[in-house]
Amino acid sequence: MNRILPGVFHWTRNHPRIKVEVSSYWLRDERVVLDPLVPPEGLEAFSPSPEHVLLTNRHHYRDSAAFAQRFGCTVWCVEQGLHEFKPDQPVRPFRFGDPLPGGITAFEIGALCPDETALVVPREGGIVALADGAVRFEPGAPLGFVPDSLIGDDPEGVKVALREAYRRLLREHRFDHVLLAHGDPFVGDGRAALEAFARA
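Attention in this report is confined to the structure presented alongside it. Source: prediction; values computed, not measured. (Residues numbered from 1 in each chain as written. Predicted model: local features only at pLDDT ≥ 70, side-chain atom pairs only at ≥ 80, totals over all residues. Heavy atoms only, no water.)

1. A word on the side chain of R163
And step 1. Mapped onto the fold, R163 is located in helix α2 (residues 155-172).
And step 2. Buried and without a salt bridge, R163 has E156 as its closest oppositely charged side chain, separated by 6.1 Å.
And step 3. Once you skip the residues sitting within four places of it in the chain, R163 turns out to touch F145, F197, A198 and A200. (Helix = DSSP H or I, 4+ residues; strand = E, 2+ residues; numbered from the N terminus. Buried < 20%, exposed > 50% of the residue type's maximum accessible area, 1.4 Å probe, protein only. Lys, Arg positive; Asp, Glu negative; His and termini not counted. Salt bridge = Lys/Arg side-chain N within 4 Å of Asp/Glu carboxyl O. Contact = heavy atoms within 4.5 Å.)

Here it is, written out as structure tokens:
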């Protein structure tokens, strides 16, 4: 795990199903883990113990069960994504706009899927965690979209809707940092990166 901000840690692991590197985050002061795979250091790396797992969409359950079993974490996903989970994957629903653990707020992105969520963290200049609507697969690259084959029947329409959702996010929230589920985070320059992406 790498410390990217005071109390904020980032790591990557190869996703066992999709076979690509994905990102996870530990918000230590909030005791919240975002979209987690178990880090290379193992669950022993967490101190204090996490209390909650927040998902930016239903596809990011990843190793949440390991955190629930080891630490008793509650796993949270927006209610539009609950159909994805099996009976042995207990998930607590929330609605867009709801206050969440750690003072985090859920912001509706949608477009790519009904449960596409941005998580707004009111600390360290403001942090936003994004799901799959904006990604970067190469270090230092700007934000981009996933391949059209993963977007659906109307890729261009979805891209227009995603950009509009990110413009709403930028209008309604102040933040400096952007955490990505797919790609390295933007620390300090996240707002500028998302503004450039949203107006492209």
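2. Examining the sheet that holds strand β8 (residues 105-108)
And step 1. Here four strands make up an open sheet; going across it, the order is β8-β9-β10-β11 and the pairing mixed. The strands lining the two open edges of the sheet, one partner per strand, are β8 and β11 (177-180). Sheet twist, expressed as the average angle between the axes of neighbouring strands with direction ignored, equals 25 degrees.
And step 2. Where β8 lies against strand β9 (residues 117-121), four bridges are found, and the strand directions are antiparallel. When the sheet's bridge partners are listed, E108 is paired in β9 with T117.
And step 3. Of the strands in this sheet, β8, β9 and β10 (127-130) are in contact with α2, which crosses β8 at around 140 degrees. (Pairing = 2+ DSSP bridges. Axes fitted to C-alpha atoms, helices over the stretch in contact; angles between N-to-C directions.)

3. Digging into the packing of aromatic side chains
And step 1. As enumerated under the stated definition, the model contains eight aromatic pairs in all.
And step 2. Considering the side-chain rings of F46 and F67, the 5.3 Å spacing of their centres and the 80 degrees angle between planes classify their relative orientation as edge-to-face. Separated by 21 residues along the polypeptide, F46 in the loop between β4 (32-34) and β5 (52-54) and F67 in helix α1 (residues 64-71) bring together distant segments of the chain.
And step 3. Residue F46 is classed as buried on the basis of its relative accessible area of 6%.
And step 4. Residues F67 and F71 carry aromatic rings whose centres are separated by 6.2 Å and whose planes lie at 40 degrees to one another, so their mutual orientation is tilted. In this pair, F67 and F71 are both assigned in helix α1, four residues apart and thus about one turn of the helix distant.
And step 5. Chaining the aromatic ring pairs together yields one cluster made of W11, W26, F46, F67 and F71.
And step 6. The ring of F186 carries R136 above its face, with NZ or CZ at 3.7 Å from the centroid.
And step 7. The lysine or arginine in question, R163, covers the ring of F197, its NZ or CZ lying 5.2 Å from the ring centre. (Phe/Tyr/Trp six-rings, centres within 6.5 Å; stacked < 30°, edge-to-face > 60°. Lys NZ or Arg CZ within 6 Å of the ring centre and 35° of its normal.)

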